[in-house]
Amino acid sequence: MSGHKEQVPKRGFWQGLHRSIKPDWMFGFVTLIGVGLTVASFVDPEQIKVAEVSLWVRLGAMLPLLLVLSYCATLMAALDRRWTEEYHFQLMANGAIIGVITAVFANMIWLLFVDTLGSLTPNNLIGMILIGWGLGYFFYRFRGLG
């Protein structure tokens, strides 16, 4: 015996927090929130609010909001990638891609039947993204990344 102790790598705050959240539980919750949001928006009698401002004012509000939120999301993803195990990060990232693709195609198919089913609301679309993200995460989780 050499008397040499192996050093166990210390986990930082972000890694410890990520492990305590348990991504499976988190994405199960996200999926349920998406289902709840979708159902709630189908029964909401006032699904559409008409704006009393011009298109340019709405675009002027939306574009900076999207730029700021996109930048913040990019910073958070960089932190997540830096402090999360590669496997979990890939599950989350691939699940997010599946969520967006699912929502886009579900919206396109829904538009074919809009006369029968009615229009989708923004909350329906957000719900579809969350459901697709959660299901995508679990599909990769059970199937594997390869």
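These figures come from a predicted structure and were not determined experimentally.

1. Overview of the packing of aromatic side chains
Phase 1: The full count for this structure, using the stated rule, is two aromatic pairs.
Phase 2: With 5.1 Å between their ring centres and 85 degrees between their planes, Y137 and F138 make a pair best called edge-to-face.
Phase 3: For Y137, a relative accessible area of 0% corresponds to the buried category.
Phase 4: Ring-pair connections join several aromatic residues into one group, and the members of that group are Y137, F138 and F142.

2. A word on the nonpolar core
Phase 1: Formed by F27, F89, L91, M92, Y137, F138 and Y140, the largest nonpolar core amounts to seven residues.
Phase 2: Those elements giving two or more residues to this core turn out to be α4 (86-112) and α6 (122-143).
Phase 3: Aside from chain neighbours lying at most four places away, what touches L91 is Y137, Y140, R141 and L145.

Thresholds, definitions, all that
- Think of each chain on its own: its residues are numbered from 1, step by step along the sequence as written.
- Restriction of local features to residues with pLDDT of at least 70 applies here, the model being predicted, together with a cutoff of 80 or more for giving and counting side-chain atom pairs; totals for whole chains, interfaces and linings are based on all residues.
- Side-chain figures throughout are based on the complete set of non-hydrogen atoms in the structure, without hydrogens or water.
- When two rings of Phe, Tyr or Trp (its six-membered ring) have centres within 6.5 Å they constitute a pair, described as stacked for plane angles under 30 degrees, edge-to-face for angles over 60, and tilted for the intermediate range.
- Here the term buried applies to any residue with accessible area under 20% of the maximum for its type, exposed to any over 50%, and partly exposed to those in between, with areas from a 1.4 Å probe on protein chains only.
- To form a nonpolar core, buried Ala, Val, Leu, Ile, Met, Phe, Trp, Tyr and Cys residues must be joined to one another through side-chain atoms within 4.5 Å.
- Put simply, DSSP H or I for four residues or longer makes a helix, DSSP E for two residues or longer makes a strand, and each gets a number counted from the N terminus.
- We call two residues in contact whenever any of their non-hydrogen atoms come within 4.5 Å of each other.

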